Each structure stands twice: as C-alpha cells, then as structure tokens.
Amino acid sequence: MEFMGDRATLLETGRFVHRHAGKVADATSPANAVVNTDNVDNTHNTDGAGSDAGVDPVETAGAEARHRRAAEGGDTASMSVLGALLLRRGDLDGAEAYLRAATAEGDRAAANNLGVLLHQRGYAEEAAGWWRIAAVAGSAAAAHALGRHFRERGDEPAAEYWLRQSAEQGHALGAYALADLLEHRGDAGAERWLRAAAEQGHREAAYRLARALERRAAQEARAGGAVALVMGRSGPAARDAEGACRRALSASDAVISGSGAVVSGHGAGGGAPVSGSAATARVDSAGSASARQDRGATAVAGSRAGLAQRSGAGAGDVATGPASEDGASGELGDRAELSVLDEAAQWYQQAAARGHRRAALHLGAILEQRGELKEAGRWYLTAAKDGEARAACALGFLLRDAGDEESAAVWWLRAAQDGDGNAANALGALHAARGEQQTAERWYRAAMDAGDVNGAYNLGLLCAAQDRTPQAEQWYRRAAYAGHREAANALAVLLLQAGDATGAEPWFSKAAEAGSVDAAFNLGILHVGRDDDRTALTWYERAAAAGHTEAALQVGIALLRDGDEQAAERHLRCAAGGGSAEAAFRLATVLDSRQPPPGPPALGEPVAEKSECEEWYERAAEMGHRRAQVRVGMLAAARGDMAEAARWYREAAEAGSRNGAFNLGLLLAREGSEREAALWWSRAARAGHGRAALRLALLAARRGELTEGQRWCARAVELGPAEVAERAARLREALHQELTA
C-alpha cells in the first residue's frame, strides 16, 4: 500500500514525521497539521516534514523547560505538549510517560500521539486502540491514522469510515488518503477529496488532481473532435525528429505518376533515428517517460513501388480526432480542453512550487506545448536539479531546438546516466548525425538496457544505414517482438525487399493493427502488386483516414477511375494539403475539367484573377511537378505573359519534361532564336516527342539539310501520333523526291 502523508501521522501538538524509505516529501502535506490547539504552545508547531528548520533552538529549549516544570506540577496540557516535543525529537522513552499521563487525564491530542509512539515501536493494535479513543473524541489526525491502519489490514469499509471522518473535519491528509482509497476502487468521488486536500496545500494531492484533470482534457478533446494535448514526447527511438511533441526528419516521397505507387520509407536503406521536438510534451498520460512515434518519414527505394516506413515508437501516439464538419463542436471542445488544462497547470504549479519535481516536469510540458518555452525551461530545470531524469531529458530537447546542441548533450548525458532510455536514444541520434557510429551504437544499446525498445529500433536503423542488413533485421525483429510497430513495419520492408512477401505480410499486418499508418499503406502496395485492387483500396482508405498523404492520393486516383469525382476531390484535397504535388496536379485537372472553355478576351477587359485550379497547378509546379509546370506555362502563355510561360517551360524542360522542352522551343522560335529552339526540340525528340521531331525535320528542310530532314521525318513517323506521322511521311516523300530530282 502507498502511504498517504507521513507514515506515522501528524501530531496534534507539533508535527512529527517518521522518516522512512520512499518519497516522504511527495507524500506529506506542508500544511500545518495541528488539529487540537486549545492547550498547545504554538511556538512548537513546525511546518514541513517534521524538521526543526526555522525554530530557534534556544527558544525551543526554553519552552521545553517551561512545559517540563508545568508537567511536573500536574498540568495536563504541558504533559501533552512535552510528550509531543520529546516524540518529535525521537526520545520515545521520555515521551511515553508524559503522553500516558496526559492521556489518563483525557487529553485527546496525547492519545493520538501515544498511538503514534506505539506504532513506531511496532505495537500497531495498541496504537489503533488509542487512535480510536482520540478519533471518537474528535481528533481528525487520529481518525486519519486509524483509517490508514485499517486500510493496511485490508478492511476498506472501516478505513473509508474513519478517513471520511477525518476528511470531513478538514484534515488534509485524511482527505488525500480518502481520495486515494476511492480512486483505487474507481469511485468518481475521489476528485472531490483530492481537491479538498490540494486546497489545503497538500502537494501530492495537487499533483494527482492535475493528472486527473489532464487525462479528462485528453478524453474530452478526443470525444469533441479536437486535437488532444496529451503529454508524450514523440520519437521512435529517442526524439530526434518528432514531434509534436507530433518536426520530423523527413525525406522525399517519390511519386510514380500514373501508376498509383509511392516510394517512401527507409527499408533496408536505413533512415535517421528520431527523437522528440520541443513542440511535443514529454510525459505520457500515466506519468512515465515515453518515446513516441512521429509522423516524419525517411525515404528509400523499395521493390516495385517502394514501401512506406516512418520513425516511431510502438504505442501511445498522441491522439487526434477529425474536426467537426461545421467547426462549431470542435471549437467548443478546444475551449473546454483549454479550460481544464489551465486548471491542471495551476495545480501542477502549486505542487511544483512546494518542491514536487514530477509536477514541475508536467508543468514544463504544458507550458512547452503553449509555446512558453522560457517558463517551460525554468520548470524543467527545477525538476532536473531535483533529480528528475525525464525533466533533464526534456530540457535537453528545448536546448537542442534553441540551437544549443552542446548544452543539450550535457543534460541528455545526465538523464541517460540516471537511467533515462529516451535521453540515451537522443545521445545516440546526436552522435549518429555527427558520423560517430560506434558512440551512437553504444548509446542505443544503453537505451535498450534501460528498457527502451526504441534503442533496438534505432540500432536497426543504424545497421541499415551501414548496409548491415542481417544485423538490421535482427534488431528490427527484436523491437518488433517487443511490440514496436514501426520496427515491425521496417522488418516487413526488409523481408519484402529480399523477396519474402509471405514473411513480410504478417509483420505489415501486425504493425498496421497496432496503428502504424505506413504499414497500412504498405499493405495497400502489397495487394496492388497481387492485382487485388479491392483489398489494396481498403488499406489505402484506412491509411488515408489516419492522415497518410500518399494513401489519400491513391484513394483519390481509384475514385476517379471509378467515376466518383466528388469523393475523389475530397481525398485529393487532403493529399494536396498534405504536400503531395501529384495530388495537387490531379485536383487541378479535376477543377479544370469543370471550367468552361475561355472565350476571346473583350477589348479593355481587365485581367481575370487566377482560378482555384490555376492556384493548385502553381502549387504543384512549385513543388517540382513537371506536368504542372508545363500547364502553368500554357496558362501564362494564354494570358500573354510569355516571360512567365518561358520560365515554367524551362523549369519543366530542365527537369526532363519533353512537353516543356517542345513548348520552350516554340516560344524561342517565335522570338527568332531558332538555334536554341532546335536544341530543346532535339532534347524533346530524343525523349520521344513526335511533334518535336517533325519541327526539326521542317527546320532542316528549310535550311536545305535534306538528309537531316529525312532522318527527323523517319523519327516523327516512328513516334507519332497518327496526325504527326502522316505529315512527317508526306514531308519525307517530298524530301526524297527533291534529293533524287
């Protein structure tokens, strides 16, 4: 049983605390616990954990001498006070005689303190008898001690009765102990008594009340469709790319246009170990350190279309819910959540101000999520100096995000040496980024030894980056068996790339069922490879619903293929908003197809604003989508902005677009730059553009280069399309006749 308050209970005449193993400071109330003060010299009441700090020894000695003289004269109150003073000093033999004498005269404070003394000597049943006498006489402290006595013996009904008696008299420790009992059995009334104890200054009650409020905020946020501000630091392994708090180490997602396949994930090629960002809180809802999964991605080419694989820990992601359609309920949820979180922060602050280091850690996390980084750092520092390893780790991330990597490493080292696996992972990621692979591996192993499964996952990433595939598989497998979902996904990628699709599928399924969005997407790719489009679409839809950009694109493509343009547009918007250039281009084409063909501009008509489809074309073009660049160039040319058109055509052509090269050649030819135009047409024709080949044939014929013209005519006939092939055939025949004339 976890004791509520000091182990022995509080004296009613001067506070006595029995020092015992465990976090005494976290268990005791700093409030003055003296209940019966009618006959007590208040100069002997002490605050804190039973120390004599702040009490003048000379004054105390004088008071003791004064009470001793009065006690020897038969004064009951002085006997009680003197017994309490001796008890607090640890003089049990000297205290007992005075306490028994005062108790015999009916002093309830002495009866309570006599119970404390007997409890210290191991006479629990006799102590309970005296506590009962004092409690019946109205001693709240004795009722609290008696309630705890019964709880230790498993008699919860009796324990609840006496603790309630104590709590209802305003005894802070009694209220806290009652709350603990009720919370243990899941009674909703626990919060009321936690609040009562916290309002009297009980720091552990304040901390636990804040934890309860924070959990409620997360539940209300999920139910209301708002983003839950659950505490938890992301990061597969330690926290190097997360984030919040979800910033992640991300790499390119290579879209294979038209095939519906996406290359993402690190697979056997390795990836960057991730740790957290300052934007994500670092403590989970159970109060334990966690290295949570981020939504960042690292890219590597996989088999066929490639497989997605993201950095992350196995469980406990920050939960998000879909926003309400009209936005109203989401806003209400946000306001309610912030209100509850504000109250939680206030209670954390009260506990932290009284030296509760875990409260300081949680308060720092809330402040960090609010963006109050300076204040967050102050509380992290307070907790870290008090020995809270998680706070030292969190402080390291704040410093790293502020650009002070060296100071961050100092705090990570301190946390890692205290057994924090997350900090060890962060140090591993730091050394890996510097190319110090052996040091990185040592810290990842330290994280694993500290019980952080992300250490094994990061070791897998490290080995994969060094092309040590067998070792990478070993570490991924170890982490996957421990429940690390992204390790399961990474293991499946390795197996699939090795040609073992049968072995890969169960690991993809395990990871997807555990919540890995990338694994769900990869299962879609796997089923596409088997021509099982229906099952593939099911997995794509699941990944898309969880926010996977490329999965949303694949769903949009499938819906377009099935003719459901409205549903396709919705998914394409999600994917385009997530940064997919291909989705932005396809969304633009959908919107473009709905626009009426533009008529000739009227004289003096102002230039029309860009349509939404043009904006999407431009967004895709700015992300390097070649077909979008060509289309933006065409729209610019239609407006008469030839310089803008040439810019986009050139970008597309330099990126390998044959249409961009052809159109750029047309613009240059119109401007009289036939030599440069011929260079771009040549590039387009060699890439398979029939019209460019025909243009080169015409250019050669005009220059009198008949043989060269025939060669390009033959190329145009070969490339097509039919109209071009027909014209090229006629031109080739004319050139042949000219040559043979």
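Caption draft 1: Fine view of the overall build of the chain. Within the chain, the secondary structure is distributed over 35 helices and 4 strands. For the chain, the residues scored as buried account for 53% of the 741 residues in total.

Caption draft 2: Structural detail: helix α18 (residues 437–449). Compared with the 18 Å implied by 1.5 Å per residue over 13 residues, the 18 Å span of α18 between its first and last C-alpha is a close match. Looking one or two residues past α18, Gly451 carries a phi angle of roughly 95 degrees, positive in sign.

Caption draft 3: Fine view of the environment of Trp475. Here Trp475 lies in helix α20 (residues 469–481). Beyond its immediate sequence surroundings of up to four residues, Trp475 is in contact with Arg445, Met448, Ala456, Leu459, Gly460 and Cys463.

Caption draft 4: Just the packing of aromatic side chains, in detail. According to the stated counting rule, one finds 7 aromatic pairs in the structure shown. Considering the side-chain rings of Phe585 and Tyr617, the 5.9 Å spacing of their centres and the 55 degrees angle between planes classify their relative orientation as tilted. In this pair, Phe585 is assigned in helix α27 (residues 581–593) and Tyr617 in helix α28 (residues 612–622), connecting sequence segments 32 residues apart. Neither Phe585 nor Tyr617 differs from the other in exposure class; each is buried. Sitting over the ring of Trp379, Arg378 keeps its end group 4.6 Å from the ring centre. Positioned above the aromatic ring of Trp648 is the side chain of Arg647, whose terminal nitrogen or guanidinium carbon lies 4.3 Å from the ring centre.

Caption draft 5: Region of interest: the packing of helix α21 (residues 485–497) against helix α23 (residues 517–529). In contact at an axis separation of 9 Å, α21 and α23 are set at 25 degrees when each is read in the N-to-C sense. By the angle between their directions, the pair α21 and α23 is classed as roughly parallel. The chirality of how α21 crosses α23 is left-handed. On α23, the residues that touch Glu486, Asn489, Val493 and Leu496 of α21 are Asp518, Ala519, Asn522 and Leu526. In terms of residue class, the contact of α21 with α23 is built from 4 nonpolar, 2 polar and 2 charged.

Conventions used here
- Residues numbered from 1 in each chain as written.
- Predicted model: local features only at pLDDT ≥ 70, side-chain atom pairs only at ≥ 80, totals over all residues.
- Heavy atoms only, no water.
- Helix = DSSP H or I, 4+ residues; strand = E, 2+ residues; numbered from the N terminus.
- Buried < 20%, exposed > 50% of the residue type's maximum accessible area, 1.4 Å probe, protein only.
- Expected span 1.5 Å × (residues − 1).
- Contact = heavy atoms within 4.5 Å.
- Phe/Tyr/Trp six-rings, centres within 6.5 Å; stacked < 30°, edge-to-face > 60°.
- Lys NZ or Arg CZ within 6 Å of the ring centre and 35° of its normal.
- Axes fitted to C-alpha atoms, helices over the stretch in contact; angles between N-to-C directions.
- Parallel < 35°, antiparallel > 145°, perpendicular 65-115°, else oblique.
- Left-handed = near helix turned anticlockwise from the far one by under 90°.
- Nonpolar A, V, L, I, M, F, W, Y, C, P; charged D, E, K, R; others polar.

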